[in-house]
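Fold and geometry: a report
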Amino acid sequence: EVSEDEAIGDELDSFPPLTQQMMDEVEKALSGGPQLETLVDGFNITLSRKDIQTLKDMTWLNDEVINFYFNLLMDRSKKCAPSIHIFNTFFYPRLLKVGHQGLARWTRKVDLFAMDLIMIPIHLGMHWCLAAIDVRAKTITYYDSLLGDNHQCTNALKEYIAAEHLAKKKAPLDLQNWKLIIKKDIPEQLNGCDCGVFTCKYAEYVSQDKTFDFDQGDMPYFRRRMIWEMINKTLL
């Protein structure tokens, strides 16, 4: 198994292979003790073995794992461009329910318009997607690994940033040059359980302005790599 993982890593030049020591850490995290044992704390999130086990092959990722990974992306951006802000998985359902007014406190300490990118994991009950607001390019882009449409999401985010601009800058946002995009030329999910991993990897690439160069076949490698990254609080 290890040699296969290493082969996957070697095959993809931009992807660091997982060493035997790293794979031992991953295996220990998955099966080295009680399910409720805390494996890592960070970003006001506690990940137990049960949470990490959602990164086993053919398993749906949970909110804690998605939120922790997105925080790793934001943490990395403090050291290198582009600057990013992330909202957690609870932002979008609250936005649909109460609108900008009910989310005003979420940005007390941040100026979204001073950021390059704002990234939001979107949970549709049984499916994870990514929405990214690029303040530089004036775009709101939706990434769905099943290539679905979600104009409700992009429109809701457009209304949100307009209301946020009015509240924080005391001036209306000129939306004339903003574009709403549903991306279709993206790596596509070919099963029913990897949407969360696709969402995290879309976010990882977008957060570095990188071109997507992965596909469904890379998901087992990404799952193991994400386990190592989260328990070490370090992105490779």
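The coordinates are above.
Let us look at the structure shown here. Computed from a predicted structure; not experimentally measured.

1. Focus: the overall build of the protein
- Along its length, the protein carries eight helices and seven strands.
- For 236 residues, the compact-globule formula gives about 18 Å, and the C-alpha radius of gyration of the protein, at 18 Å, lands near that figure.
- When the backbone C-alpha atoms are referred to their principal axes, the protein occupies close to 55 × 35 × 35 Å.
- For the protein, with 236 residues in total, the buried portion stands at 51%.
- Sequence-distant contacts, at least 24 apart, represent 61% of the contacts inside the protein between residues at least 6 apart.
- Put simply, the protein shows about 11400 Å² of open surface, and 51% of that area lies on carbon and sulfur atoms.
- Charge-centre separation for the protein: the mean point of 27 positive side chains lies 11 Å from the mean point of 34 negative side chains.

2. Looking at the pairing of strand S1 (residues 38-42)
- Sheet topology places S1 next to strand S2 (residues 45-48); four bridges connect them, and they run antiparallel. By the bridge assignment for S2, glycine 42 is matched with isoleucine 45.
- Connecting S1 to the next strand, S2, in antiparallel fashion are two residues, including phenylalanine 43 with a positive phi near 60°.

Conventions and cut-offs
Residues numbered from 1 in each chain as written. Predicted model: local features only at pLDDT ≥ 70, side-chain atom pairs only at ≥ 80, totals over all residues. Heavy atoms only, no water. Helix = DSSP H or I, 4+ residues; strand = E, 2+ residues; numbered from the N terminus. Rg over C-alpha atoms; globule rule 2.2 N^0.38 Å. Buried < 20%, exposed > 50% of the residue type's maximum accessible area, 1.4 Å probe, protein only. Contact = heavy atoms within 4.5 Å. Areas by Shrake-Rupley, 256 points an atom, 1.4 Å probe, with all protein chains shown as cover. Lys, Arg positive; Asp, Glu negative; His and termini not counted. Charge placed at Lys NZ, Arg CZ, Asp CG, Glu CD. Pairing = 2+ DSSP bridges.

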